[in-house]
Amino acid sequence: MVTTIKREEFCFLVVDDFSTMRRIIAGLLRELGFKKILEAEDGKVALRVIEGAADSGEPVHFVLSDVNMPVMNGFEFLAALRGKPESDPIRALPVLLVTAEGRKEDIIRAAQLGASGYVVKPFNKDTIGDKIHLTLKNKNILVD
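Reading the values: the criteria
Residues numbered from 1 in each chain as written. Predicted model: local features only at pLDDT ≥ 70, side-chain atom pairs only at ≥ 80, totals over all residues. Heavy atoms only, no water. Buried < 20%, exposed > 50% of the residue type's maximum accessible area, 1.4 Å probe, protein only. Helix = DSSP H or I, 4+ residues; strand = E, 2+ residues; numbered from the N terminus. Arc of directions from axis to C-beta. Contact = heavy atoms within 4.5 Å. Pairing = 2+ DSSP bridges. Axes fitted to C-alpha atoms, helices over the stretch in contact; angles between N-to-C directions.

1. Let's talk about helix 3 (residues 74-82)
Given 3.6 residues to a turn, an α-helix orients residues that are three or four positions apart in the same direction.
Phase 1: Listed as buried for helix 3 are Gly-74, Phe-75, Phe-77, Leu-78, Leu-81 and Arg-82. With its buried residues spanning 160° around the axis, helix 3 presents them on a single face.
Phase 2: On its buried face, helix 3 sits against helix 2 (43-56), strand 4 (62-65), strand 5 (95-99) and helix 4 (104-113).

2. A short note on the sheet that holds strand 2 (residues 11-15)
Phase 1: Read across the open sheet, the five strands follow the order 3-2-4-5-6; overall the sheet is parallel. Where the open sheet ends on each side, the last strands, each with one partner, are strand 3 (36-40) and strand 6 (117-120). If you compare each strand with its neighbour and ignore which way they point, the axes differ by 20° on average.
Phase 2: Sheet analysis places strand 2 next to strand 4, joined by four bridges and oriented parallel. Bridge pairing links Val-15 to Ser-65 in strand 4.
Phase 3: Contacts between helix 3 and the sheet are confined to strand 4 and strand 5, with strand 5 contributing the most and set at about 170° to the helix.

Rendered as C-alpha cells:
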C-alpha cells in the first residue's frame, strides 16, 4: 500500500546540536521543495517534538539527525524511537543519520538500530534528496 502525503503537509524534523547545521539542512530541504521543517538540538528534545506533533494531528514524517550530540545522541535517540510499542506509529518514522563520522562500525550500528540511511558530512542537496527519495520509496510513501 502506498501512502500519499502532499508536499506542503510533509514535515521534517532536523536534529543537530549546532544551529548553523540545522539551518543548512533546513535550507537544503527548502531547495528540495519542502516547507514544514521543525528543529531540535538533541535526541531528547526531538522525542518531545515528535510526540507533540503526533498529538497535535500534524505529525513529523521524516527525521534527519546528527549522531554526535550532548544529552541524547543520534544512536540513543534512534534506539528510543525504535523502542516504542509496535502500536505507536512514530516507532517506524524514517530516520536518516547525518554525521561527520564515516566509521564502518557506526554505519553498522545505525543499520542495526533501524536507521533508514546514513549520510556523511559534507553533503549537498542532491545527496540528501536522493537519500530521502530512496527512503520514501522503500517505505511506500509518495510525496505529491
